[in-house]
Amino acid sequence: MPRSIIAPIALHAGPKPDSDVLAQLKQGEIFEVLELAGDHAWGVVPGQKLVGYVPASVLERPAA
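Here is what the cut-offs are and how they apply
- Residues numbered from 1 in each chain as written.
- Predicted model: local features only at pLDDT ≥ 70, side-chain atom pairs only at ≥ 80, totals over all residues.
- Heavy atoms only, no water.
- Patch = residues over 30% accessible without salt bridge, like charges linked within 9 Å, V, L, I, M, F, W, Y side chains within 5 Å.
- Areas by Shrake-Rupley, 256 points an atom, 1.4 Å probe, with all protein chains shown as cover.
- Salt bridge = Lys/Arg side-chain N within 4 Å of Asp/Glu carboxyl O.
- Helix = DSSP H or I, 4+ residues; strand = E, 2+ residues; numbered from the N terminus.
- Core = buried A, V, L, I, M, F, W, Y, C linked by side-chain atoms within 4.5 Å.
- Buried < 20%, exposed > 50% of the residue type's maximum accessible area, 1.4 Å probe, protein only.
- Contact = heavy atoms within 4.5 Å.
- Pairing = 2+ DSSP bridges.

## A few points about a nonpolar patch on the surface
A cluster of nonpolar residues, Leu34, Trp42 and Val51, forms a patch on the protein surface that exposes about 260 Å² of accessible area. Structurally, the position occupied by Trp42 is in strand 5 (residues 40-45).

In structure tokens, the structure reads:
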């Protein structure tokens, strides 16, 4: 499910904040959510072909 990033955030290799940073994502960038787990989302950044974790709170809410 594609969602936009609503605030700049780091894409991490794991769900913990101290895991390796893979990239810095910009506001408006697309993040393809593959799985929501607790307060994190795991997915793909299509433009950078990277897979990782971001806090779910930085993703736009899905339309109702």
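## A few points about unusual backbone geometry
The backbone of Lys49 sits at a positive phi, close to 55°, despite the residue not being glycine. Inspection of the secondary structure puts Lys49 in the loop between strand 5 and strand 6 (50-55).

## Some points on the nonpolar core
Nonpolar side chains tend to gather and get buried jointly when the protein is soluble and globular. Counting residues in hydrophobic clusters, the biggest one holds 10 residues: Ile5, Leu11, Leu25, Phe31, Val33, Ala41, Val45, Val54, Val58 and Leu59. Of all the secondary structure elements, the ones that give two or more residues to this core are strand 4 (30-37) and strand 5. The residues touching Ala41, leaving out its near neighbours within four places in the chain, are Phe31, Val33, Glu35, Leu36, Gly52, Tyr53, Val54, Ala56 and Leu59.

## A word on the environment of Ala41
The residue Ala41 is located in strand 5 in this model. Sequence spacing of Ala41 and Pro55 is 14 residues, and the spatial spacing of their C-alpha atoms is 6.0 Å.

## A short note on the pairing of strand 4
Here strand 1 (residues 2-4) runs beside strand 4; their pairing, made up of 3 bridges, is antiparallel. When the bridges of strand 4 are listed, Ser4 appears paired with Ile30. By the bridge criterion, 5 bridges tie strand 4 to strand 5 in an arrangement that is antiparallel. Along strand 5, the bridge assignment pairs Val33 with Gly43.

## Regarding the pairing of strand 5
Counting the residues that bridge the hairpin from strand 4 to strand 5 gives 2 residues, and of these Gly38 lies at a positive phi of roughly 65°. Note: strand 5 against strand 6, 6 bridges, orientation antiparallel. The residue bridging Val45 from the neighbouring strand is Leu50, located in strand 6. Taking the residues between adjacent antiparallel strands as the criterion, strand 5 and strand 6 are bridged by 4 residues, where Lys49 takes a positive phi near 55°.

Everything listed here is a matter of geometry and, on its own, says nothing about what the molecule does.
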